[in-house]
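Examination of the molecular architecture
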Amino acid sequence: MDLQTITYIIVGGTFALYIGIAIWARASTTGEFYAAGRGVHPVTNGMATAADWMSAASFISMAGLIAFVGYDNSTFLMGWTGGYVLLAMLLAPYLRKFGKFTVPEFIGDRFYSPTARLVAVICLIVASLTYVIGQMTGVGVAFSRFLNVRADVGLYIGAAIVFAYAVLGGMKGITYTQVAQYVVLILAYTIPAVFISLQLTGVALPQIGLFSSTVADGVPLLTKLNQVIGDLGFATYTGHHTNTLNMVLFTMSLMIGTAGLPHVIIRFFTVPRVADARWSAGWALVFIAILYTVAPAVGAMARLNLVDTIQTGEVGSPDGNLAYDDRPNWFKNWETTGLLKFEDKNGDGRIQYYNDKSADFNTKAEGFGWKGNELTVNQDILVLANPEIARLPNWVIALVAAGGLAAALSTAAGLLLAISSAVSHDLIKGAYNPNISEKGELLAARIAMAVSIGVATYLGLNPPGFAAQTVALAFGLAAASIFPALMMGIFVKRINNKGAVAGMLSGLIFTLVYIFWYKGWLFFPGTNFAPDTAEYWVFGISPLSIGTVGAILNFAVAYFVSNATEAPPQEIQDLVESIRIPRGAGAAQSH
Amino acid sequence: MDNDKEAGIAYWKANLSLVKWSLVIWALVSFGFGIVLRPLLSGIKIGGTDLGFWFAQQGSIYVFLILIFFYAWRMNTIDKKYGVDEE
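Residues numbered from 1 in each chain as written. Chains lettered and ligands numbered in written order. Predicted model: local features only at pLDDT ≥ 70, side-chain atom pairs only at ≥ 80, totals over all residues. Heavy atoms only, no water.

1. Observations regarding the overall build of chain A
Looking only at helices and strands, chain A features 23 helices and two strands. Whereas a compact globule of 591 residues would reach a radius of gyration of roughly 25 Å, chain A reaches 24 Å, a difference of no more than 12%. If one aligns the C-alpha atoms of chain A with their principal axes, the spans along those axes are about 80 × 50 × 40 Å. Considering chain A as a whole, with its 591 residues, one finds that 63% of them fall into the buried category. Put simply, 80% of the contacts in chain A that link residues at least 6 apart link residues at least 24 apart. Accessible surface, chain A as shown: approximately 19400 Å² in total, 63% of it carbon and sulfur. Here chain A carries 33 positive and 34 negative side-chain charges, and the mean point of each set is 12 Å from the other. (Helix = DSSP H or I, 4+ residues; strand = E, 2+ residues; numbered from the N terminus. Rg over C-alpha atoms; globule rule 2.2 N^0.38 Å. Buried < 20%, exposed > 50% of the residue type's maximum accessible area, 1.4 Å probe, protein only. Contact = heavy atoms within 4.5 Å. Areas by Shrake-Rupley, 256 points an atom, 1.4 Å probe, with all protein chains shown as cover. Lys, Arg positive; Asp, Glu negative; His and termini not counted. Charge placed at Lys NZ, Arg CZ, Asp CG, Glu CD.)

2. A closer look at unusual backbone geometry
Residues and elements named next belong to chain A. At Tyr112, a residue that is not glycine, the phi angle is positive and equals roughly 35°. Phi angles above zero are rare outside glycine, and Phe523 is one such case at about 65°. Inspection of the secondary structure puts Phe523 in the loop between α21 (497-519) and α22 (546-564). Relative accessible area serves as the criterion here: at 6%, Phe523 is assigned to the buried category.

3. Regarding the environment of Asn243 of chain A
All names here are of chain A. One can find Asn243 in the loop between α11 (221-230) and α12 (244-260). Exposure remark for Asn243: the relative accessible area of 33% places this residue in the partly exposed category. Separated by 297 residues in the primary sequence, Asn243 and Gly540 have C-alpha atoms spaced 6.9 Å apart. What Asn243 contacts, discounting residues up to four positions off in sequence, is Phe539 and Gly540. Separated by 3.2 Å, the side chain of Asn243 and the backbone nitrogen of Asn246 make a polar contact. (Polar contact = N/O pair within 3.5 Å; in protein donor to acceptor, adjacent residues only side chain to side chain.)

4. A few points about the UniProt feature "transmembrane region" (unreviewed entry) in chain B
Residues and elements named next belong to chain B. Residues annotated in UniProt with the feature "transmembrane region" (unreviewed entry) correspond here to residues 21-41 and 53-73. Taken end to end, residues 21-41 has its terminal C-alpha atoms 22 Å apart, with 95% of it in helix and 0% in strand. For residues 53-73, the helix share is 100%, the strand share is 0%, and the end-to-end C-alpha distance is 30 Å. (UniProt positions renumbered as here; feature names shortened; annotations may be inferred.)

5. Focus: the nonpolar core
Residues and elements named next belong to chain A. Counting 223 residues, the largest nonpolar core has Phe59, Trp80, Leu91, Ile107 and Tyr292 as the members making the most contacts within it. Per-element tally for this core: the top contributor is helix α14 (residues 274-310), with 20 residues. Setting aside residues up to four positions removed in sequence, Trp80 forms contacts with Trp53, Ala57, Ser58, Met62, Thr75, Leu254, Thr258, Tyr292, Ala468, Val471, Ala472 and Phe475. (Core = buried A, V, L, I, M, F, W, Y, C linked by side-chain atoms within 4.5 Å.)

6. Examining the interface of chain A and chain B
Taken together, the contact between chain A and chain B spans 52 residues of the former and 43 residues of the latter. When chain A packs against chain B, the two sides together hide about 4200 Å² of surface, and 71% of this comes from carbon and sulfur. The tally of links from chain A across to chain B stands at two salt bridges. Linking chain A to chain B there are 13 residue pairs in polar contact (both at pLDDT 80 or more). Among the elements of the structure, α5 (74-98), α11, α12, α14 and α20 (467-491) of chain A are those that each provide at least two residues to the side of chain A that touches chain B. The element that contributes the greatest number of residues to the side of chain A that touches chain B is α14 of chain A, accounting for 13 residues. A breakdown of the residues in the side of chain A that touches chain B according to their chemical character gives 35 nonpolar, 13 polar and four charged. (Buried area = accessible area lost by both parts, 1.4 Å probe. Salt bridge = Lys/Arg side-chain N within 4 Å of Asp/Glu carboxyl O. Nonpolar A, V, L, I, M, F, W, Y, C, P; charged D, E, K, R; others polar.)

Encoded structure:
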């Protein structure tokens, strides 16, 4: 059977499974739609959270970003796991004790102000929409390869499927579907990694293979990688080449963004008890860590395999580079999507892949008769192309396609749910029309989903970065706006309505303006005020890292404004006392 | 009632101190060993690179896991000790 047929069978089979579960568990009341009736076991919940969490950014994009940069992009690994520590200790148990359905509800009640709730809804929508744009980029990559079409066509088809899928079920559908998705995506990620680790190092566990010696010549894998890419003028893989301050701020931004993203927090509303909320965060991280500890091995090994495929002989020797006519099948397939490009600059019919930004190496390259780097690889394709580059069996390649689609779909659906519940539950029912019927609320939720996916698809055509980078921007926004308000709401009794609103608004606006300044207003290409490169950034802080500064601003503004105005009323102080203690956590209530 | 309140305050103090120490370790392994203190650890070699690289790409994640489970277990004991656990 050829690859395309196997891919259709495996992808089709997994999809039938997800849709079957979604129909079987179709949501009937609004309570079930949002929080699955609160009967979810911590391990199940952890697994579903992991599937929800590990999106196109983690699955498709992250290892590619690590592969092409190396150590400096370890930020993604630490940032997207470290946030769970904050979530388990600073937010999840207390929000579960509070016992409402959504994040804006907590903020509205704790800061006794409809305005605070409204501001929280706006923060939530801005962060989630940015997140969905990143997801749609990944959806486009996955579908274009799967259907052998150009990336933009893949995006349109993917968007239609995400929409149909999210509208079908609510959270309950999604909770059990996501358990199935987790299983598919983790197998799809780890199986090829084990194969490749065995090929290169003879060690089955990729986590150990990364630090082992290669089978071919007994040199440690990372030493060999440094050497191979160094020979082509690239910076070392294990070296630290970027601004340390920026690296710290970026990691922090991803961490507190994790703890501030509503679609993750909402998961902890669905466990039966406060103690379960703590365990759930741990279980979620167990399932996430399986992928996150494998990802750096995938990155390093893929980079090595890619270079070995292109640079077949001695660097600089006339036949040391792969002839374009001999290019493997995966190369042709990815050329169709437009995400892999070759341009024969020196007309020798061979592919030269090297760092033409390095002045030193360029002198050498000219000596070889090279006229510039000829291969452009979109970093988002690396994970999906990886098993083909390593010549793994067809069923493994098909499985990876199924995993990539599962990752992209599950998170996009979870986010759409968070956005739609913010609009229908918090905005319409909470602020505009409290008497809306359950039916009306569900309808509003679905219209909100349709609008957000339309916007995200449009902006996903010209995304502000690779999937994981766009997603990182969303984390920055959540970090700067929602996390400080939640944390202070629990840990600092003195914060009042005025402080919280002023803090959230200053954090959000500051971060948005800094991002738009470099990435373009509302992410429209060409509308940026300054080029998005390190020499233009203030103190070398990139728009991806600015969320941390926004969060500090949020904390400071909220603190000073609160202390300059009156203390919160007694009943609010009692409320804070009560959420700090697990005893008495009942079922959640709607307003 | 007053007893409850005092127990509540002591409970909260115990929680805060546990959180504080956990977060010190959290920051030390990631921002410390993984990034800022990496040059200090560069003498310790591991598989073609140094310990700081390992902490940045592997070690910090394992420590995060241990921290969360330790916290969840410890908090459950503290809940019971101060009589504020869920019945």
